[in-house]
Amino acid sequence: MHANVSRLDVEDVVALYSKYLPDLLKVRAEQRKLYESGLKAQLDDIEAELTYLRLRETCPATVVEMGSLYGWSTSWILRALRDNEFGQLHSYDITANASVPAELASRWSFAQGDVREARLPEDIGYLFVDAAHTASFARWYLEAVFPGVSCPVSVHDVFHGRRALPLSEGSVVLKWLADKRISYFTASRKAAPGVYDRIMRHRAKLGLAEPIHSGHDNPMIFFQL
């Protein structure tokens, strides 16, 4: 039975953790090795795991990543595609700092430069946004990208506090979602403490309590276009 990917809630998330637990345990061990080798992490553990789990459940053919930085989120995404045995990742960043393990590279293409000047793939099946966290960048993809896609979306760095910062990417996206009456999900520790606690308790029961790294804000939002 598939979780409700169009309107994700905490019980859907709990079900996904249980459904993909053996694979997730393996991926966490792989990512821990990367982290301990010195790779800088830009995603906290829960939001990284939810990205992996949502990709496993939706099984997209084409994933677009806006902002790869050093490759932490990139490797999480690629491990989901590997475990699906399906899909390609197209990453865009203004710097070419990202690297991924050699065994994952066959499913990855990288383009250096401003994504606003790039030709994005057609038929995007999952959109991951973690690039310039400015209002102007948000307005660009809301106007130039969102109207042409119908897929799950993740936007990072929205809820480091109880609310999105004024005049930020997050505040622009949240207003757009509200205007369109599109619901979103977040496991942010500060914006959704009840959700965060529920997931943490379930993860502990599954043997996932030991953190990979110390970040615990989990500011990402997830929604469906």
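Structure shown above.
Keep in mind it's a predicted model, so treat the numbers as computed, not measured.

## Let's talk about the sheet that holds strand β6 (residues 184-186)
Note: strands within a sheet are paired through backbone hydrogen bonds, in either parallel or antiparallel orientation.
Move 1: If you walk across this open sheet you meet the seven strands as β3-β2-β1-β4-β5-β7-β6, and the pairing is mixed. With partners counted over all chains shown, the strands left at the sheet margins are β3 (108-112) and β6, one partner each. On average, each strand axis in the sheet is tilted by 15° relative to the strand beside it, whichever way the strands run.
Move 2: Bridge analysis of strand β1 (residues 62-66) against strand β2 (residues 88-93) gives five bridges, and the strand direction is parallel. Within β2, the residue paired with V63 across the bridge is L89.
Move 3: On the sheet, helix α3 (residues 45-58) packs against β1, β4 (126-129), β5 (152-155), β6 and β7 (221-224) and is oriented at approximately 20° with respect to β7.

## So, the packing of aromatic side chains
Move 1: This model, assessed by the stated rule, comprises 10 aromatic pairs.
Move 2: Aromatic side chains Y52 and W76 sit 6.4 Å apart centroid to centroid with 70° between the ring planes, which places their arrangement in the edge-to-face category. Here Y52 is found in helix α3, whereas its partner W76 is found in helix α4 (residues 72-84), with 24 residues between them in sequence. Accessibility assignment for this pair places Y52 and W76 in one class, buried.
Move 3: Among the aromatic residues, ring-to-ring pairing joins F137, W140, Y141, F146, W176 and F223 into one connected group.

## Things to note about α3
Move 1: Under the 1.5 Å per step criterion, the end-to-end length of α3 is 20 Å for 14 residues, consistent within 8% with the ideal 20 Å.
Move 2: Burial runs high along α3: 13 of the 14 residues are buried.
Move 3: Following α3 by one or two positions, C59 adopts a phi angle in the positive range, close to 50°.

## Observations regarding the state of the cysteines
Move 1: Counted according to the given criterion, the structure contains zero disulfides.
Move 2: In this model C59 remains outside any disulfide bridge; the closest cysteine sulfur is found in C151, 14 Å from its own.
Move 3: Accessibility expressed as a relative area gives 1% for C151, which makes it buried.

## Some details on helix α2 (residues 21-36)
Move 1: A rise of 1.5 Å per residue sets the reference length of α2, with its 16 residues, at 22 Å; its end C-alpha atoms lie 22 Å apart and thus fit the reference within 8%.
Move 2: Where α2 is concerned, the buried positions are L21, L24, V27, R28, E30, Q31, R32 and L34.
Move 3: In this structure, the buried residues of α2 make contact with α1 (10-19), α3, α4 and α7 (193-205).
Move 4: In the stretch just after α2, G38 is the one whose phi turns positive, near 115°.

## A look at the side chain of S91
Move 1: Structurally, the position occupied by S91 is in strand β2.
Move 2: With relative accessibility at 1%, the residue S91 sits in the buried group.
Move 3: In this structure the side chain of S91 is engaged in a polar contact, spanning 2.6 Å, whose partner is the side chain of E65.
Move 4: Dropping the residues within four chain positions of it, S91 is found in contact with E65, S68, T74, W108, S109, F110 and A111.

## As for the pattern of salt bridges
Move 1: If you walk through the whole model with that rule in mind, you get 12 salt bridges.
Move 2: When the shortest N-O distance is used, the salt bridge between D83 and R82 registers 2.9 Å.
Move 3: With a relative accessible area of 21%, R82 lands in the partly exposed category.
Move 4: Where K175 meets D179, a salt bridge forms, and the shortest distance between an N and an O atom there is 2.9 Å. Pair noted here: K175 and D179 are both in helix α6 (residues 169-180), with a separation of four residues, about one helical turn. For the pair K175 and D179, a shared accessibility class is recorded, and that class is exposed.
Move 5: Each of E30, R79, R82 and D83 takes part in salt bridges that share partners, so that together they form one network.

What counts and what doesn't
Starting afresh in each chain, residues are numbered from 1 along the sequence in its written order. Selection of residues for local features in this predicted model requires a pLDDT of at least 70, selection of side-chain atom pairs for listing and counting requires 80 or more, and totals for whole chains, interfaces and linings are taken over all residues. Only hydrogens and water are removed before side-chain values are computed, so all heavy atoms of the structure are retained for them. Pairs of strands are assigned from DSSP output, requiring at least two bridges between the strands. Secondary structure is summarised from DSSP: a helix means a run of H or I of at least four residues, a strand means a run of E of at least two, and numbering begins at the N terminus for each. As a rule, the C-alpha atoms of each element are fitted with a line to give its axis, helices using only the stretch in contact, and angles between N-to-C directions run from 0 to 180 degrees. When checking whether two residues touch, look at their non-hydrogen atoms; a contact exists if any pair is within 4.5 Å. Here is the rule: rings of Phe, Tyr and Trp (six-membered ring for Trp) pair when centre to centre is within 6.5 Å. Planes less than 30 degrees apart are stacked, more than 60 are edge-to-face, and the remainder are tilted. Relative accessibility under 20% of the residue-type maximum defines a buried residue, over 50% an exposed one, and the middle range a partly exposed one, all with a 1.4 Å probe and only protein chains included. By this rule, a helix spans an expected 1.5 Å times one less than how many residues it contains. The disulfide criterion is simple: two cysteine sulfur atoms within 2.5 Å. Pairs of N or O atoms within 3.5 Å make up the polar contacts considered here, provided that, within protein, one atom can donate a hydrogen while the other can accept it, and that residues adjacent in sequence are counted only when both atoms are side-chain atoms. The salt bridge criterion pairs a side-chain nitrogen of Lys or Arg with a carboxyl oxygen of Asp or Glu, the two atoms within 4 Å.

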